[in-house]
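The chain contents come next:
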Amino acid sequence: MAFIDSIKKRAKQNKKTIVLPETADMRTLEAAHKILQEGIADIILVGDKQTIIKKADGLDLTGAKFVDPYDCDKLNDYVSILVELRKKKGMTPEEAKELLLTNVLYFGCIMVKAGDADGMVAGAVNSSANVLRAALQILKTAPDTKLVSAFFLVVVPNCEMGEHGTFIFSDAGLNQFPDARELAAIAESSAKSFELLVEAEPIVAMLSHSTKGSAHHPEIDKVIEACRIVNEECPNLKCDGELQSDAAIVPEVAASKAPGSDVAGKANVLIFPDLDAGNIGYKLVQRLAKADAYGPITQGIAKPVNDLSRGCSADDIVGVVAITAVQAQALDQK
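Predicted, not measured: the structure shown is a model, and the values here were computed from it.

Novice: Looking at this structure, I do not really get the packing of helix α4 (residues 75–85) against helix α6 (residues 104–113). What am I missing?
Specialist: Taken N-terminus to C-terminus, the directions of α4 and α6 make an angle of 90°; their axes are 10 Å apart at the nearest point. On the basis of their axis angle, the class for α4 and α6 is roughly perpendicular. Residues Leu 75, Tyr 78, Ile 81, Leu 82 and Leu 85 of α4 pack against Phe 107, Ile 110, Met 111 and Lys 113 of α6. Along the lines of polarity and charge, the residues of the contact of α4 with α6 split into eight nonpolar, no polar and one charged.

Below, the structure written as structure tokens:
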């Protein structure tokens, strides 16, 4: 079974309610139609119902819940929640109400905070920074979180590397220049996310332009130190580095460059040394290898809010909604 089909199947087993706030975007409405048709999740669409239905132009949104911030019977409750959350920043009820009425990202997140939805997916028309700012200000970080980070689930067709072509690329959406300790936290969180979503053993490669001392640079030292921290904190997790990307995923190259490594040639969780490398890497694989890339998927926020690339398709949104639902299911088990 294909990775995303497996995720959809799991999402259907315990349906969650996901907010889609970007209802002025046609891809979002197409995705909502598909999600409802497949029974992946219950959907809340933020905005005026008649305007959304007219925009949908014949798409079947039967079963969706429509919530218009300007005609919401819980608006005052949401205002109170937001004022309480931001009181140290001096937010007034008037400012909170204005923000919720004019910014659908904050409105969607406040619905999740209030327990009226299990998660939110946005980013088709909003920047990652704006999506994550709303999530972090309202939902905050999970109790055991060292660092909030973001990854892409990359599924390469007809590929035997990784977990039958499935990889996590991390951090590819949030942390610009992580230091060694932050890089280690990204690796540990990404391994847990891989185990949750792919249901296979994570094998983590700390990537670099060097393999096992083939080059020397402070940035390489950072990767080596991050790997040491992971191995110390998570001794049962397979993690090795520094590894070049070919040594990490190609068995023949691994045998030459990193003999004896239990990670080299087998890695399915790829930890990039900085955001530039991660973001460039996933986009190249997505476009050149025609891979499916779902994300940025966040890890470390108290409740699941996931971002989208502004170049996403409706099917990408469907996939991220299914992943968000599975993340929400996992919270039920904690």
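Picking up after the structure, the text goes on.
Novice: Is there a simple way to think about the environment of Gln 37 in this case?
Specialist: As for its placement among the helices and strands, Gln 37 is situated in helix α2 (residues 26–38). A polar side-chain atom of Gln 37 sits 3.4 Å from a polar atom in the side chain of Asp 60.

Novice: Explain the sheet that holds strand β7 (residues 203–207) to me, please; I cannot follow it from the model alone.
Specialist: As a general point, the strands of a sheet are linked pairwise by backbone hydrogen bonds and lie either parallel or antiparallel. Sheet architecture is open: six strands sit in the order β8-β7-β9-β6-β5-β10, paired in mixed fashion. The open sheet is flanked by β8 (238–243) and β10 (292–299), the only strands paired with a single partner. Here the strands of the sheet are splayed against their neighbours by 20° on average, with no regard to which way each runs. The sheet contact formed by β7 and β8 spans four bridges and is parallel. Considered in β8, the bridge of Val 204 is made with Cys 239.

Novice: Mind showing me how you'd approach the domain arrangement of the protein chain here?
Specialist: Frequently, the measure chosen for interface size is the accessible area that the parts lose on association. Partitioning the protein chain into domains gives domain 1 (1–139 + 303–331) and domain 2 (147–287). Computed over C-alpha atoms only, the centres of domain 1 and domain 2 are separated by 30 Å. The interface of domain 1 with domain 2 comprises 13 residues on the first partner and 13 residues on the second. Summed over both partners, the interface of domain 1 with domain 2 buries about 950 Å², with 67% contributed by carbon and sulfur atoms. Interface area lost by domain 1 to domain 2 is led by Phe 3, Arg 10 and Leu 132, which between them contribute 48%. At the boundary of domain 1 and domain 2, one finds one salt bridge. The closest approach of N and O atoms between Arg 10 and Glu 199, which form a salt bridge, is 3.7 Å. Linking domain 1 with domain 2 are two residue pairs in polar contact (both at pLDDT 80 or more). Looking at the side of domain 1 that touches domain 2, the elements with two or more residues in it are α1 (3–13), α7 (128–138) and α14 (314–332). Residue classes in the side of domain 1 that touches domain 2 are distributed as seven nonpolar, five polar and one charged.

Novice: I'm lost on a nonpolar patch on the surface in this one. Help?
Specialist: Among the surface-exposed residues, Ile 280, Leu 284 and Leu 288 lie close enough to one another that they form a single nonpolar patch of about 330 Å² accessible area. Judged by relative accessible area, Leu 284 falls into the partly exposed class, the value being 47%.

Novice: Got a minute to help me understand the sheet that holds strand β1 (residues 17–20) in this structure?
Specialist: Read from one edge of the open sheet, five strands run β3-β2-β1-β4-β11, paired in parallel fashion. Each of the sheet's edge strands pairs with one partner strand only, and the pair in question is β3 (65–67) and β11 (305–306). Across four bridges, the pairing between β1 and strand β2 (residues 42–46) is parallel. If you follow Val 19 over to β2, its bridge partner there is Ile 44. Contacts from α14 reach β1, β2, β4 (119–121) and β11 within the one sheet, and its direction differs from that of β4 by about 160°.

Cut-offs and rules
Residues numbered from 1 in each chain as written. Predicted model: local features only at pLDDT ≥ 70, side-chain atom pairs only at ≥ 80, totals over all residues. Heavy atoms only, no water. Axes fitted to C-alpha atoms, helices over the stretch in contact; angles between N-to-C directions. Helix = DSSP H or I, 4+ residues; strand = E, 2+ residues; numbered from the N terminus. Parallel < 35°, antiparallel > 145°, perpendicular 65-115°, else oblique. Contact = heavy atoms within 4.5 Å. Nonpolar A, V, L, I, M, F, W, Y, C, P; charged D, E, K, R; others polar. Polar contact = N/O pair within 3.5 Å; in protein donor to acceptor, adjacent residues only side chain to side chain. Pairing = 2+ DSSP bridges. Domains from an automatic or database assignment. Buried area = accessible area lost by both parts, 1.4 Å probe. Salt bridge = Lys/Arg side-chain N within 4 Å of Asp/Glu carboxyl O. Patch = residues over 30% accessible without salt bridge, like charges linked within 9 Å, V, L, I, M, F, W, Y side chains within 5 Å. Areas by Shrake-Rupley, 256 points an atom, 1.4 Å probe, with all protein chains shown as cover. Buried < 20%, exposed > 50% of the residue type's maximum accessible area, 1.4 Å probe, protein only.

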